[in-house]
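Here are the chains, one letter per residue:
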Amino acid sequence: MHGRMLRLALAAAGLFAILGAVVAFASPSLPINAPTPRSADQMTNIDVLRQEIKNYYGDPAGTGDFAPNSNYAKEASGVADAGERWLAARAHAGRGHKKAIVLDVDDTTLATYDYEVASNWDYNPATNADYVVNERFPAVPGMVDLVSRAKAEGYAVVFLTGRPQSQEDATLGNLEKVGYPAPTALPDATEGGGSDGIFTKPAVADYPSYLQFCENPTCNTDEYKSATRGYLESLGYDIVANFGDQYSDLSGGHEDRTFKLPNPSYFLP
């Protein structure tokens, strides 16, 4: 979530079907391809969209707690179920290889809806850090069972998040607090973190060799995560499944299959 910017208008149903010029926003921090509406009527009002998101989470009053029978919970659990089936079918294939699953954190394993409501979908590093440090995020529906089963089946469990290294201990604490098993220590990892089973994003000055190709110089989500998965492969791991809520969590290869969790609230390049 570090550095993310909310783009609620992009979540409006049918927005990309609107006929109109497509503009590439070339901001170094957030390049988004989006259509240019010809009138205000072609967009969903942001206040209406916020309410739609609350309804999707089964929380029309905006308490910050999503309902276990909400459309969000059903959709997320469906993705987790599909992931479980995929992993179970491949748990004993290709013996001799180190099999792994890679998981993002925010809105893939930990749900940040409570913070979105509290901040009115306006990301602020300081207020967000309060939620992170105090381990206030619940689990994404279905994902604790998926990760627990994968670990029992012999998969290495690796978390890969854009959170900074300063939040690594709190992130691991929050994951454990909501029931996730401990990630798999990577004794072969010699640079760039990961020895404790979680990769957090280092400061530019601390970039390991596999991230030093970035020209901005800061790696965006796509670059950082795909390069880190490539590094994990170099350690001898076959990434059987990669789970994320952003398309940038899942692009760039270095996995057998991707699984996207739902996220109507923000976009990360």
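Anything mentioned here points back to the structure above.
Everything quoted here is computed from the prediction, not taken from an experiment.

Rules and cut-offs
- Sequence order sets the numbering: in each chain, residues are counted from 1 along the sequence as written.
- Two thresholds apply to this predicted model, a pLDDT of at least 70 for residue-level local features and 80 or more for giving and counting side-chain atom pairs, whereas whole-chain, interface and lining totals are computed over all residues.
- To obtain the side-chain values, all non-hydrogen atoms of the structure were used and water was disregarded.
- A run of H or I in DSSP counts as a helix once it spans at least four residues, and a run of E counts as a strand once it spans at least two, with each numbered from the N terminus.
- Only protein chains enter the accessibility calculation, which uses a 1.4 Å probe; a residue whose area is less than 20% of its type maximum is buried, one above 50% is exposed, and one in between is partly exposed.
- Should any heavy atoms of two residues lie within 4.5 Å, those residues are considered in contact.
- Areas reported here follow the Shrake-Rupley algorithm with a probe of radius 1.4 Å; residue values treat only the protein chains shown as occluding.
- Salt-bridge detection follows one rule: a side-chain nitrogen of Lys or Arg within 4 Å of a carboxyl oxygen of Asp or Glu.
- Strand pairing follows a simple DSSP-based rule, namely that at least 2 bridges must link the two strands.
- Interaxial angle, 0 to 180 degrees, is taken between N-to-C directions of lines fitted to C-alpha atoms, where a helix line uses only the stretch in contact.
- Here, nonpolar core refers to any group of buried Ala, Val, Leu, Ile, Met, Phe, Trp, Tyr and Cys residues whose side-chain atoms link them within 4.5 Å.

**Student:** What is the right way to look at the overall build of the protein in this model?
**Tutor:** If you tally the helices and strands in the protein, you get eight helices and nine strands. Here the protein holds 269 residues, and 49% of them are scored as buried. Once local pairs closer than 6 in sequence are excluded, the contacts in the protein between residues at least 24 apart make up 66%. Carbon together with sulfur atoms contributes 52% to the accessible area of the protein, which is approximately 12300 Å² in total.

**Student:** Could you clarify how one ought to interpret the pattern of salt bridges in this entry?
**Tutor:** Side-chain pairs of opposite charge can arise where the charged atoms are in close proximity. This structure, assessed with the given rule, holds eight salt bridges. Close ionic contact of K225 with D104 constitutes a salt bridge, the shortest N to O distance being 2.7 Å. Of the two residues, K225 sits in helix α7 (residues 221–234) while D104 sits in the loop between β4 (98–103) and α3 (113–118), which places them 121 residues apart along the sequence. We classify D104 as buried; its relative accessible area is 7%. Here K225 ties to D249 by a salt bridge, and the two come within 2.9 Å at their closest N and O atoms. In this pair, K225 sits in helix α7 while D249 sits in helix α8 (residues 247–250), placing the two residues 24 residues apart along the sequence. Neither residue differs from the other here; K225 and D249 are each classed as buried. A network of salt bridges, in which partner residues are shared, links E84, R149 and E153.

**Student:** Got a minute to help me understand the sheet that holds strand β8 (residues 258–260) in this structure?
**Tutor:** Paired through backbone hydrogen bonds, the strands of a sheet run either parallel or antiparallel to each other. If you trace the five strands from one edge of the open sheet to the other, you get β6-β5-β4-β7-β8, paired in parallel fashion. Of all strands in the sheet, those with a lone pairing partner are β6 (198–201) and β8, marking the two edges. Averaged over neighbouring strand pairs, the angle between their axes works out to 20 degrees when direction is ignored. Contacts from α7 reach β4, β5 (156–164), β6 and β7 (237–244) within the one sheet, and its direction differs from that of β5 by about 150 degrees.

**Student:** What should I look at first to understand the nonpolar core in this one?
**Tutor:** If you look at the biggest cluster of nonpolar residues, it comprises 44 residues, and the most contacted ones within it are L87, I101, M143 and F243. Here this core takes six residues from helix α2 (residues 71–90), the largest share from any one element. Judged by nonpolar contacts, the second largest core, of 20 residues, contains F199, Y207, L211 and I239.

**Student:** It is not clear to me how unusual backbone geometry should be interpreted in this structure. Could you clarify?
**Tutor:** Where the residue is not glycine, phi is negative for most of them; where a peptide bond is considered, it is trans in most cases. At the junction of N216 and P217, the peptide bond is cis and its omega measures out at 10 degrees in the coordinates. A positive phi angle is found at E135, which is not glycine, with a value near 55 degrees. Following the sequence through the fold, E135 ends up in the loop between α4 (125–133) and α5 (143–152). Positive phi values are uncommon outside glycine, yet H254 reaches one of about 70 degrees. Mapped onto the elements, H254 comes out in the loop between α8 and β8. On the accessibility criterion, H254 (32% relative accessible area) is partly exposed.

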